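Fold and geometry: a report
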Amino acid sequence: MGWLLGTTVMRRYWIDKKDLFQDQVNFTGDVFHHIFDVCRQEVGSKFEVLTEDSKAYFVEVTQVGKKTAAAQILETRDIPALKEPHLHLVLSLSRFPVMDAIMEKAVEMGVSSIHPFFSEFSFLRKGEKLSDNKTDRWDKIVKSATQQSGRGDLMKIHPAIPFEKISDLINQNESGVGLFAYEGPATLSIKDYVTKVKSDRPQGIKDIWIIVGSEGGFSHREVEEFQKLGLHPVTLGPQVLRVETACMTLVSVLKYDFDLMC
């Protein structure tokens, strides 16, 4: 249990909506194990549970058995949905510890979805397959970060796609824009990019697609393909950033400039 300015931090746990029954919550399986075996909650404990309907339920535990438990719902509150434009990370597969870190921080920063892809310099090559263990781990990271941050939805992690499928993925209509981080010659700073797209799309933007390469960056061919799609190469300054740093820098700047911080 953590502490903040002398006050106990509220514990939050993600549950399936099917575990709600009228004014009660039932806990079984892995959720029960995590809350009552690992976190040592007991009869009389109070905490919040979160569900996919963007609601938080403040509950008090009333029963704890060997494999099941129950809690009474005391209060319900709505969790605000993510504001538009929604941010989507299109991420060349990096080393797994890097991907793990990005998944966690992206949830906390309010990224709507992550779309991994295979590129010429990605950690896994086209045709290789992510193991089920790895995708299961990412799902657990997303749930853990959601609980910690109090977010009202689970960030979606899509199946990895080949580079050639990015053109099918990115929404290039009037409500969507895209950019790719590039450490070579770039025509726009991130500040100039924001100014340009706001001017070009005065009717508003619903989705921003942020494309970031793996540790090896992008090949010249890939850069040319992005530009053919109308995507802007964006520089983050003279320093070469790590993949995870570049992702969070772009998300932070875009959240600030598009008023997504509150």
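So, here's what we can say about the structure. (Residues numbered from 1 in each chain as written. Predicted model: local features only at pLDDT ≥ 70, side-chain atom pairs only at ≥ 80, totals over all residues. Heavy atoms only, no water.)

1. Focus: the packing of aromatic side chains
- What the rule picks out here adds up to 13 aromatic pairs.
- Note on Phe96 and Phe123: the rings are 5.4 Å apart at their centroids and 75° apart in plane angle, and the pair reads as edge-to-face. With Phe96 in helix H2 (residues 96-108) and Phe123 in the loop between strand E10 (113-118) and helix H3 (132-149), this pair connects stretches of sequence that are 27 residues apart.
- In textbook terms, an aromatic cluster arises when at least three aromatic residues are bridged by ring pairs, as seen for Phe117, Phe163, Phe180, Tyr182, Phe218 and Phe226.
- For Lys198, the ring lying beneath its charged end belongs to Phe258, and the centroid distance is 5.0 Å. (Phe/Tyr/Trp six-rings, centres within 6.5 Å; stacked < 30°, edge-to-face > 60°. Helix = DSSP H or I, 4+ residues; strand = E, 2+ residues; numbered from the N terminus. Lys NZ or Arg CZ within 6 Å of the ring centre and 35° of its normal.)

2. Digging into helix H5 (residues 190-200)
- Among the residues making up H5, those that are buried are Ile190, Tyr193, Val194 and Val197. An end-on view of H5 places all buried positions within 95° of arc, on one side of the element. H5 presents Lys191, Thr195 and Ser199 as exposed residues on the side facing more than 90 degrees away from its buried surface.
- Turning to H5, the residues buried within the fold contact strand E13 (176-181), strand E14 (188-189), strand E16 (232-235) and helix H7 (243-257). (Buried < 20%, exposed > 50% of the residue type's maximum accessible area, 1.4 Å probe, protein only. Arc of directions from axis to C-beta. Contact = heavy atoms within 4.5 Å.)

3. Here's the deal with the pattern of salt bridges
- Tallied over the full model, the rule gives 15 salt bridges.
- Linking Lys55 and Asp78 is a salt bridge whose minimum nitrogen-to-oxygen distance equals 2.6 Å. In this pair, Lys55 is assigned in strand E7 (residues 55-64) and Asp78 in strand E8 (residues 69-78), connecting sequence segments 23 residues apart.
- Taking the shortest distance from any N to any O, the salt bridge between Asp200 and Lys196 comes out at 3.1 Å. Here Asp200 and its partner Lys196 are both found in helix H5, four residues apart, which amounts to about one turn of the helix.
- By relative accessible area, which is 45% here, Asp200 ends up partly exposed.
- Given the relative accessible area of 32%, Lys196 is considered partly exposed. (Salt bridge = Lys/Arg side-chain N within 4 Å of Asp/Glu carboxyl O.)

4. Considering the layout of surface pockets
- For the largest pocket, the calculated volume is near 520 Å³.
- If you trace the largest pocket, you find 18 residues lining it, with Trp14, Asp30, Val31, His34 and Lys143 closest to the centre.
- Only strand E3 (12-14), helix H1 (29-38) and H3 provide two or more residues apiece to the lining of the largest pocket.
- At six residues, H1 tops the list of elements feeding residues into the lining of the largest pocket.
- Its residues placed into classes, the lining of the largest pocket shows five nonpolar, six polar and seven charged. (1 Å grid on protein atoms, 1.4 Å probe; cavity = no way out; pocket = protein on both sides within 12 Å on 5 of 7 lines; lining within 4 Å. Points joined across faces, edges and corners; volume = space filled by probe spheres on them. Nonpolar A, V, L, I, M, F, W, Y, C, P; charged D, E, K, R; others polar.)

5. As for the nonpolar core
- Counting 43 residues, the largest nonpolar core has Leu89, Met155, Tyr193, Ile210, Val212 and Leu254 as the members making the most contacts within it.
- Within the residue set of this core, elements represented by two or more residues are strand E9 (86-92), H2, E10, H3, E13, H5, strand E15 (207-212) and H7.
- Broken down by element, the residue count for this core peaks at seven residues, all from H7.
- When near neighbours in sequence (up to four residues on either side) are disregarded, Tyr193 contacts Val177, Gly178, Leu179, Leu188, His232 and Val234.
- Tyr13, Leu20, Phe32 and Cys39 belong to the second-largest nonpolar core, a separate cluster that totals 17 residues. (Core = buried A, V, L, I, M, F, W, Y, C linked by side-chain atoms within 4.5 Å.)

6. So, H2
- Relative to the 18 Å expected for 13 residues at 1.5 Å per residue, H2 spans 19 Å between its end C-alpha atoms, a close match to the ideal helical length.
- By the burial criterion, the buried members of H2 are Val98, Met99, Asp100, Ile102, Met103, Ala106 and Val107.
- On its buried face, H2 sits against E9, E10, H3, strand E11 (156-157) and H7.
- Two residues or fewer after H2 comes Gly110, characterised by a positive phi angle close to 85°. (Expected span 1.5 Å × (residues − 1).)

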